[in-house]
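Close look at the chain arrangement
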Amino acid sequence: MTTAFSCYHHDNTTTTQRVNIMIVEKSFPIKTEFSPLQDTTPFAGVLPFLKILSDGKILHRLPGERLRSQGWLDGQMVLAVMLLNLLGFDHVSDIDRLEDDRVLCRIVGKVEPHLFGRRRCTLDGRHRGGRKRTFPSPRSIRDWLERCHDGAAGKRRVRGEAWIPPPSVALKRLHRINRAMIHRQVKRKNLTHLTIDIDATIIPSGKRECLSTYRAANGTVPFEKGYQPLMGYCPEPGMIVTNGLNIHQYC
């Protein structure tokens, strides 16, 4: 007796493949046949997320976009970072793995006008020499994130005191984007009351620039270094509505 069936396989390093498996009773090894498919993607789970963004017009006309007539929209950058986090990637360079998925790129390409409230020709025309990618390149994302960082702010740190550096101009613009997205979600759900859960958690890290935590100072966790973000979570819209990063040095 012979049993045959098909399934889909993806190992995070190769393209998705259809696996035709034929099992013959009392015979080994199992015969497998691999045939690449061009119309499948392991990232199809983002479709409901894209629909939420599109229906709520969450990425439409974000603050500051009118200041630049060329290059990637802030909404496109926000979408790229969101997808990296949603799909469990750890590095900005992983955006190339999404770019290599032609099916995902076709899906995002078709819904972009609805996601960002711009016509296709307008989105493509923002790039000199024509647009060659669906998602921003790793370098473009790093440059966009780096504009939010003010390296000089850390020099005003006072030894022995917890301190939050003032936000840079670019970071304030990112805050405005976050507020706009939160406001649209609250308005979309017709919420009149919100609960904000404030939590500060130490995240140990071995990075060279990390400073000692208060647990290292009081001897609870000797020599511990890390970050202590302050998060404000709102359960009604299911969003993080505010956050801050304590820069501290206790030793």
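Each remark here, short or long, concerns the structure printed above.
**Section: the packing of aromatic side chains**
For any pair of aromatic rings, geometry is given as the distance between the ring centres together with the angle between the planes. All chains considered together, the criterion is met by one aromatic pair. With a centroid separation of 6.0 Å and an interplanar angle of 65°, the aromatic rings of F43 and F89 are classed as edge-to-face. Taken together, the positions of F43 in the loop between β3 (31-36) and α1 (47-55) and F89 in the loop between α2 (74-86) and α3 (95-99) put the pair 46 residues apart, joining distant regions of the chain.

**Concerning helix α4 (residues 102-116)**
Over its 15 residues, α4 runs 20 Å from end to end, which matches the ideal 21 Å to within 8%, given 1.5 Å per residue. Largest kink in α4: about 40°, centred on K110, with the proline P113 one to four residues after it. V103, L104, C105, V108, G109, E112, L115 and F116 are the residues of α4 that are buried. After α4 finishes, the residue G117 shows a positive phi value of roughly 65°.

**Details of a nonpolar patch on the surface**
Among the surface-exposed residues, I196, I198 and L230 lie close enough to one another that they form a single nonpolar patch of about 270 Å² accessible area. Within the secondary structure layout, I196 lies in the loop between α7 (169-188) and β4 (197-200).

**Quick notes on α7**
The terminal C-alpha atoms of α7, which comprises 20 residues, lie 29 Å apart, in line with the 28 Å expected from a rise of 1.5 Å per residue. All of the buried residues in α7 are A170, R173, I177, A180, M181, I182, Q185 and V186. The positive-phi residue at the C-terminal boundary of α7 is N190, with phi of around 55°.

**Focus: the side chain of T134**
Inspection of the secondary structure assignment puts T134 in the loop between α5 (120-124) and α6 (138-146). With a relative accessible area of 16%, T134 lands in the buried category. Setting aside anything within four residues of it in sequence, one finds T134 in contact with W72, E99, C105, V108 and E112.

**Observations concerning the nonpolar core**
Core analysis: the biggest nonpolar cluster contains 29 residues, and L59, L79, L98 and F135 have the highest contact counts within it. Listing elements by their share of this core, those giving two or more residues are α1, α2, α3, α4, α6 and α7. A total of six residues in this core trace back to one element, the largest contributor, which is α2. Not counting residues up to four positions away in its chain, the partners in contact with L98 are F43, L83, L84, L87, F89, L104, C105 and F135.

**Looking at unusual backbone geometry**
Although it is not a glycine, N190 sits at a positive phi angle of roughly 55°. By the element assignment, N190 lies in the loop between α7 and β4.

**Here's the deal with the pattern of salt bridges**
For the coordinates displayed, the defined rule picks out eight salt bridges. E99 is the salt-bridge partner of R133, the closest N and O atoms lying 4.0 Å from each other. Residue R133 is located in the loop between α5 and α6, and its partner E99 is located in helix α3; the two are separated by 34 residues in the primary sequence. One salt bridge in this structure joins D124 and R131, with 3.4 Å as the shortest N-O distance. Judged by relative accessible area, D124 falls into the partly exposed class, the value being 28%. Among the charged side chains, a salt-bridge network with shared partners connects E112, R120, D124 and R131.

Reading the values: the criteria
- Residues numbered from 1 in each chain as written.
- Predicted model: local features only at pLDDT ≥ 70, side-chain atom pairs only at ≥ 80, totals over all residues.
- Heavy atoms only, no water.
- Phe/Tyr/Trp six-rings, centres within 6.5 Å; stacked < 30°, edge-to-face > 60°.
- Helix = DSSP H or I, 4+ residues; strand = E, 2+ residues; numbered from the N terminus.
- Expected span 1.5 Å × (residues − 1).
- Bend = angle between axes of the 7 residues up to and from the residue.
- Buried < 20%, exposed > 50% of the residue type's maximum accessible area, 1.4 Å probe, protein only.
- Patch = residues over 30% accessible without salt bridge, like charges linked within 9 Å, V, L, I, M, F, W, Y side chains within 5 Å.
- Areas by Shrake-Rupley, 256 points an atom, 1.4 Å probe, with all protein chains shown as cover.
- Salt bridge = Lys/Arg side-chain N within 4 Å of Asp/Glu carboxyl O.
- Contact = heavy atoms within 4.5 Å.
- Core = buried A, V, L, I, M, F, W, Y, C linked by side-chain atoms within 4.5 Å.

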